[in-house]
Amino acid sequence: MITLRSFLIGIICVVAICAVTPYSNHYVDGAYLSSNHLPLGPLFIITILVFVVNSILIRISPKAILSQTELVTIWSMMVLAVSIPSKSFAEYLLPDLVAPYYLATAENEWQDLFHQYIPSWLVPSDNKAIFYFYRGSPVKSIPWRAWEKPLLAWSIYALGLYGMMYCLSVILRKQWIEHEKLTFPLVKLPSEIMKNPEGRSALNSFLKNHSLWIGFAISSLIHIFNGFNANFPHVPRIPMQFSLDPLLTEKPWNSILPLPITIQPSVIGVSYLLTLRVSFSVWFFYLFYKFECFIAELFGFHTPNSPGEFGFTKSFASHQEMGAFVVVTIFLLWKAKGHLKEIAKSIFSKTNNPDEPLSYRWALIGLVFSTVLQVILSQFMGMTFGIAVFIALAFGVMSLIFTWQVSSVGILRVDSTFDPMMTLLTILGGRRIGPANFTIDSIQARGFRTDISQLPMPTMMSVFKIYDDVKANKKWISLCFVVTILIALPLSSYFFLSLSYKYGGENLSSWNYR
């Protein structure tokens, strides 16, 4: 059972993250509080709570220190919240609601091409609100009247999306954590930090390990030197990024460009937690993709890049990933067939499922409801029914597979080379899809599906794993998640819009506005 103080501390941390994230990401242009599935911001805060707060409390009253269960509660609320003011909601979605109008010119003909397919209630329609978003408001305030309807509509859509992910996580929790025993490499570090100390010490055995602090000192020294170098060029820089591109300028070798070599201590550390099979597969298949590009160039095959946001990779690789997702989905469902049968039996036998965050009956009801909510909202936005259903289901499947990858492999940052609309484009062709579907999907995809490096579903499953490790009551997870999302959505919108109207998107450093 969670305690009141851990719940309140969690809420305070959620508010702080929502306030600081836009400022750090776009004004200071500093380190992202979260850019992967082991977020820096929550990890820093939980470390401060252990080192500073618990060290003070143990001197006052040893019984007053934050326990492992309390720290897990605070952690779970922070890691879910940290993506909302960033890549899972505010950072991409809000600028994309304004950009089609502010960036429209006579040359690009956006007004004639697709403005008529965007409902007026879906975006801010006031010209001053649009202009000041990019240039800064003279009164430094948010024009709420222009933003009320769009924020309400997109917040409801986000709730449907997050609800779908949560219910899927509940349904698959037992299969992946208890039956398949996935390793969850990214859970190891926060889990060790939050372990209860022994005796009257504020620190547990992990935090007293000398090897840990030697490794931390080495990586910190590298980051400190390179951070100073960015602001004071006379400070020497320790090179961590290299490129083989200058050596591969002639055909067919230039077909494998770019070929960077980046040394990241955090990735090296996580790699030690992987099995040899998994760590081998990560680099082997990357080089195999480069080998495919080389062979295609050698034999004269045309290999265009994927369209739009996925232009960083080749089109054939995107289609290979589409096929792989189909195969992996079938594989995962086949492995889980016994568990899915148990779920079906528990529904009809009215079992309460006491070990789950939510009963399977309510998880299935929630899954159907949240998916239907996405479809209905997409139809109101202007999508056709079939396209809306396919996109909702396809992204649910993609979220499931990315969660499985993070849980089993420990990939810090997942990126897709395609999205549901690209799959439809391959199957149906652009003419059958139509401009209205493309227009609405481009806004949805930009806001929720393009950059999935902070996809919430892997975070939800990782929280389930930590709760399972500490043997805490999972029934309270649902309350923590609901409160976190209901706080983070409006606050993220407020702080992001405040920053935009105070300084103007054109004066901020992030490329998200452009």
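Refer to the preceding data block for the structure.
A. Seen up close, the overall build of the protein. The secondary structure content of the protein amounts to 20 helices and 2 strands. For the protein, whose C-alpha radius of gyration is 24 Å, the value lies close to the compact-globule estimate of 24 Å for 514 residues. With the C-alpha coordinates aligned to their principal axes, the bounding extent of the protein is approximately 70 × 60 × 60 Å. When each of the 514 residues of the protein is scored for burial, the buried share is 50%. Taking the contacts inside the protein whose residues are at least 6 apart along the sequence as the reference set, 77% of them involve residues at least 24 apart. Summed over all atoms, the accessible surface of the protein reaches about 25,300 Å², with 67% contributed by carbon and sulfur.

B. Region of the structure containing the packing of helix H11 (residues 276–298) against helix H12 (residues 315–335). Remark: H11 packs on H12, axes separated minimally by 11 Å, with the N-to-C direction vectors making an angle of 135°. Between H11 and H12, the interaxial angle falls into the category oblique. Once H11 is placed against H12, the crossing between them reads as right-handed. Side by side, H11 and H12 meet where Tyr289, Glu292 and Cys293 of the first sit next to Phe316, Ala317 and Gln320 of the second.

C. Quick look at helix H18 (residues 435–449). Taken across its 15 residues, H18 has 11 buried, putting it largely inside the fold. Residues of H18 that are buried: Asn437, Thr439, Ile440, Asp441, Ile443, Gln444, Ala445, Arg446, Gly447, Phe448 and Arg449. Close packing links the buried residues of H18 with helix H4 (90–102), helix H7 (144–179), helix H14 (360–381), helix H15 (385–409), helix H16 (420–428) and helix H17 (430–433).

D. Inspection of the pattern of salt bridges at higher detail. Using the criterion set out here, one finds 15 salt bridges in the structure. As a salt-bridge pair, Glu297 and Lys251 come within 3.9 Å of each other at their nearest N and O atoms. One end of the pair, Glu297, is in helix H11; the other, Lys251, is in the loop between strand E1 (241–243) and strand E2 (260–262), and 46 residues separate them in sequence. Across the salt bridge formed by Lys465 and Asp469, the nearest N and O atoms sit 3.3 Å from each other. Pair noted here: Lys465 and Asp469 are both in helix H19 (residues 456–470), with a separation of 4 residues, about one helical turn. Residue class for Lys465 comes out buried when judged on its relative accessible area of 15%.

E. Fine view of the environment of Ala16. Counting through the fold element by element, Ala16 comes out in helix H1 (residues 4–28). For Ala16, a relative accessible area of 35% translates into the label partly exposed. Each C-alpha atom of the pair Ala16 and Thr183 lies 31 Å from the other, and the pair is 167 residues apart in sequence.

F. Here's a closer look at empty space enclosed by the protein. The tally for this structure, following the rule as stated, stands at 5 cavities of 30 Å³ or more. Within this model, the largest cavity holds a volume of roughly 130 Å³. Among the elements that take part in the lining of the largest cavity, H19 stands out by supplying 5 residues, more than any other. Per-class residue counts for the lining of the largest cavity are 11 nonpolar, 3 polar and no charged. Quantified by volume, the second largest cavity comes out at close to 50 Å³. Forming the walls of the second largest cavity are 13 residues, and the residues nearest its centre are Val50, Asn54, Leu71, Lys195 and Pro197. Of all elements in the fold, only helix H2 (40–60) and helix H3 (68–81) reach the threshold of two or more residues within the lining of the second largest cavity.

G. Up close: the environment of Val389. Tracing the backbone through its elements, the reader meets Val389 in helix H15. Val389 sits 235 residues away from Trp154 along the chain, and the two C-alpha atoms are 18 Å apart.

H. Main features of the packing of aromatic side chains. Evaluated as defined, the whole model comprises 28 aromatic pairs. Between Phe133 and Tyr501, the ring centres sit 5.8 Å apart and the planes meet at 80°, which makes this aromatic pair edge-to-face. Pair noted here: Phe133 is in helix H6 (residues 127–135) and Tyr501 is in helix H20 (residues 477–503), with a separation of 368 residues, a long-range link. We classify Phe133 as buried; its relative accessible area is 0%. Given the relative accessible area of 1%, Tyr501 is considered buried.

I. Focus on H4. With 13 residues, H4 should cover 18 Å at 1.5 Å per step; its first-to-last C-alpha distance of 18 Å lies within 8% of that length. In the structure, H4 departs most strongly from a straight axis at Asp96, where the bend amounts to approximately 30° and where the proline Pro100 lies between one and four residues downstream. Of all 13 residues that make up H4, 12 are buried, and the element is covered over most of its length. Listed as buried for H4 are Ala90, Glu91, Tyr92, Leu93, Leu94, Pro95, Asp96, Leu97, Val98, Ala99, Pro100 and Tyr102. In this fold, the buried residues of H4 make contact with H1, helix H5 (110–113), H6, H7, H18 and H20.

J. Geometry of unusual backbone geometry. Looking along the chain, the bond that leaves Lys251 and enters Pro252 is cis, with omega of 0°. Considering the arrangement of structural elements, one finds Pro252 in the loop between E1 and E2. In this structure, Pro258 follows Leu257 across a cis peptide bond, with omega equal to -5°. Inspection of the secondary structure puts Pro258 in the loop between E1 and E2. With a phi angle near 55°, Lys140 is a residue other than glycine that sits in the positive phi range. Mapping Lys140 onto the fold places it in the loop between H6 and H7. Given the relative accessible area of 51%, Lys140 is considered exposed. Here Lys181, not a glycine, exhibits a phi torsion of approximately 55°, which is positive. Mapped onto the fold, Lys181 is located in the loop between H7 and helix H8 (188–193).

Analysis parameters
Residues numbered from 1 in each chain as written. Predicted model: local features only at pLDDT ≥ 70, side-chain atom pairs only at ≥ 80, totals over all residues. Heavy atoms only, no water. Helix = DSSP H or I, 4+ residues; strand = E, 2+ residues; numbered from the N terminus. Rg over C-alpha atoms; globule rule 2.2 N^0.38 Å. Buried < 20%, exposed > 50% of the residue type's maximum accessible area, 1.4 Å probe, protein only. Contact = heavy atoms within 4.5 Å. Areas by Shrake-Rupley, 256 points an atom, 1.4 Å probe, with all protein chains shown as cover. Axes fitted to C-alpha atoms, helices over the stretch in contact; angles between N-to-C directions. Parallel < 35°, antiparallel > 145°, perpendicular 65-115°, else oblique. Left-handed = near helix turned anticlockwise from the far one by under 90°. Salt bridge = Lys/Arg side-chain N within 4 Å of Asp/Glu carboxyl O. 1 Å grid on protein atoms, 1.4 Å probe; cavity = no way out; pocket = protein on both sides within 12 Å on 5 of 7 lines; lining within 4 Å. Points joined across faces, edges and corners; volume = space filled by probe spheres on them. Nonpolar A, V, L, I, M, F, W, Y, C, P; charged D, E, K, R; others polar. Phe/Tyr/Trp six-rings, centres within 6.5 Å; stacked < 30°, edge-to-face > 60°. Expected span 1.5 Å × (residues − 1). Bend = angle between axes of the 7 residues up to and from the residue.

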